Amino acid sequence: MLAMNYRGPKRVRIDEKPMPEIRHPEDAIVRVTRSCICGSDLHLYNGNVPDTRVGTTFGHEFIGEIVEVGSEVTKVKIGDMVLVPFNISCGKCHFCRQGLFGNCHESNPEATAVGAIYGYSHTAGGYNGGQAEYVRVPYANVGPTVIPEGMDPDDAVLLTDVVPTGYQAAEMGGIQKGDTVVVFGAGPIGIMAAKCSWLFGAGRVIIIDQYDYRLEFAKNYSQCEAYNFKTDMDDPVLFIKKITDWMGADVVIDAVGAEAAGDAMQTITGRKLLLQAGSATALHWAINSVKKGGIVSIVGVYGPTDNLVPIGNVLNKGLTIRANQASVKRLLPRLIEHVLNGVIEPKKLITHRIPLEEIADGYRIFSAKLDNCIKPVLIPPSAR
Amino acid sequence: MENTPEKFAHIKGWGIDADPKNDPTYPMKNRLNLEQTGYSWDRPTLQAETVEVLHSNERPNLTAVFGTALPPSGLSGMIRRWAFNYSENEYRHWLPLIIADRVNVVEGVLDDFMHGKIPNIFSEKGYPAEWKHSRGTLIAKMAGVAIVSTAAILLLSGKGKKKKRKTWLKPIE
């Protein structure tokens, strides 16, 4: 089968790889019909995630058809079209039972600080991902969800990560009616977080990024204010203070993570020299621009070591920091409802449809923000 | 066992100010209101370990399922095995893993050659897309690489060294 093949930082290609096999009675094999490149795949692509082995197939956002099931699989059957949450969860452990499906304790032996994620290095369990024609899906009784009749596959594929992560970013913000919410990062997750902030009753939503085309998109799609931190302001924190009556935002969402730009020291130490677990510029700004007693919600992904952030200000301002990988399984029923009712229209985020065979170009287009790219979707040959 | 007032009847005032809504994890976490019982759940069927799988020393065992892609091998594998002697709390765990990743890149190139494949770096880096959508940037990038490479080659070959200054006096023969 064709599958993406990581060869080193900023080097990927498509190769023939062996078909995945059932390894566990609760496994299923899925024929992929859509997969996406996620902003967090860029951390892998750039070589910033420890234990990313050469030969890995990335891809944690995918949908497809069940073509084979293990002996203990009862909830889905061959022929079902399913969307597969990006986190692999057993549904039985202490954490899954609490609804923390992104923190499962029975799927990632290699690290306890992160749950298992498809195609996201051995630090996240050592599973191959869905940027391929076929993929092994463990715990098929728990994760895969049959795509409802009438749902567009382009909407379905974005329900595997983008929509739940954006929604949870807003949910973790504990937004109260009338709150001012600032979102750092106008990538797909940031745009979705801004959109979902309204669902929780935000009174004002502001998004900040460095790319005008993304800000323009966010302004229209998320119906929010949009500002460019390179051209509209000198200091993002000061700017936010000024436009919030010198108080700061009630809630600030970090939807950027380790690849943040905007601060030379963070960029050099975090992205170039890897002396920190990525550049924490957005988180730094979030802590400093939220009001006293406010909430910082983090969905931007950072590495497992350390980052330079003003933790003293977290204490002195009495902030609450909330963060997690999205618990996709927990959120899906509500979000499927929102998509079917037209409250959220995920597929509008898709700007590029790229044949799986051209994956190297896809990564370059997405990572270098070429051709006004917001969200690229990969289509395997069998699904075209 | 549930955390009921009866259970804590011996503690005066137990739970009188408890407010389930005052929970910063709500609604992310479904509080089970059970005693913490550790590894007590009914574990899923255990996957057979058919390849070498490294596991964090912050847990006693493998998880019930795990990925089997790319078991550790070669020099990078040796570094990874060493790294897993240390907990996720230690740089001795993470930094060797990053080094192993870089070693693994060289192993990958050698492996390609051994299989008669010459990696097409230009294509793997997606430069055809950059050529199409941002030609100027790519040309500037390539020019930069060419300048740095040429300088490095000249420096290493000794051509960049300063020539010996000529002297007016002839050396004594």
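Just so it is clear, the structure is predicted and the values come from calculations on it, not from any experiment.

Overview of the overall build of chain B
(1) Moving on: A count of helices and strands for chain B gives five helices and zero strands.
(2) Moving on: Scanning chain B from its N terminus toward the C terminus, one meets helices and strands in the order α-α-α-α-α.
(3) Moving on: The buried share of chain B, reckoned over its 173 residues, is 28%.
(4) Moving on: Restricting to contacts in chain B with at least 6 residues of sequence separation, those with at least 24 account for 31%.

Section: the UniProt feature "transmembrane region" (unreviewed entry) in chain B
(1) Moving on: The feature "transmembrane region" (unreviewed entry), as annotated in UniProt, sits at residues 138–156 of chain B in this numbering.
(2) Moving on: Helix makes up 100% of residues 138–156 of chain B and strand 0%. Its end C-alpha atoms lie 27 Å apart.

Let's talk about the packing of aromatic side chains
Residue and element names in this part refer to chain A.
(1) Moving on: Taken as a whole and judged by the stated rule, the model has 13 aromatic pairs over all chains.
(2) Moving on: Counting every residue linked through ring pairs, the aromatic cluster contains Tyr 6, Tyr 45, Phe 58 and Tyr 363.
(3) Moving on: Cation over ring: Lys 195 sits above Tyr 221, and NZ or CZ is 5.1 Å from the ring centre.

Structural notes on helix H5 (residues 135–157) of chain B
Note that an α-helix has 3.6 residues per turn; residues three or four places apart therefore point the same way.
(1) Moving on: The first and last C-alpha atoms of H5(B) sit 32 Å apart over 23 residues, in line with the 33 Å expected at 1.5 Å per residue.
(2) Moving on: Just beyond H5(B), the residue with positive phi is B:Gly158, at close to 90 degrees.

Quick look at the interface of chain B and chain A
(1) Moving on: Listed by partner, the interface residues are 64 residues for chain B and 65 residues for chain A.
(2) Moving on: Summing both partners gives a buried area of about 5500 Å² for chain B against chain A, and 53% of it is carried by carbon and sulfur.
(3) Moving on: Applying the counting criterion to the chain B and chain A interface returns eight salt bridges.
(4) Moving on: We note a salt bridge from B:Arg43 to A:Glu106, for which the minimum N-O separation is 2.5 Å.
(5) Moving on: If you list the elements that add at least two residues to the side of chain B that touches chain A, you get helix H2 (91–114), helix H3 (121–124) and helix H4 (127–133) of chain B.
(6) Moving on: The biggest single contributor to the side of chain B that touches chain A is H2(B), with 11 residues.

Cut-off values and rules
- Residues numbered from 1 in each chain as written.
- Chains lettered and ligands numbered in written order.
- Predicted model: local features only at pLDDT ≥ 70, side-chain atom pairs only at ≥ 80, totals over all residues.
- Heavy atoms only, no water.
- Helix = DSSP H or I, 4+ residues; strand = E, 2+ residues; numbered from the N terminus.
- Buried < 20%, exposed > 50% of the residue type's maximum accessible area, 1.4 Å probe, protein only.
- Contact = heavy atoms within 4.5 Å.
- UniProt positions renumbered as here; feature names shortened; annotations may be inferred.
- Phe/Tyr/Trp six-rings, centres within 6.5 Å; stacked < 30°, edge-to-face > 60°.
- Lys NZ or Arg CZ within 6 Å of the ring centre and 35° of its normal.
- Expected span 1.5 Å × (residues − 1).
- Buried area = accessible area lost by both parts, 1.4 Å probe.
- Salt bridge = Lys/Arg side-chain N within 4 Å of Asp/Glu carboxyl O.

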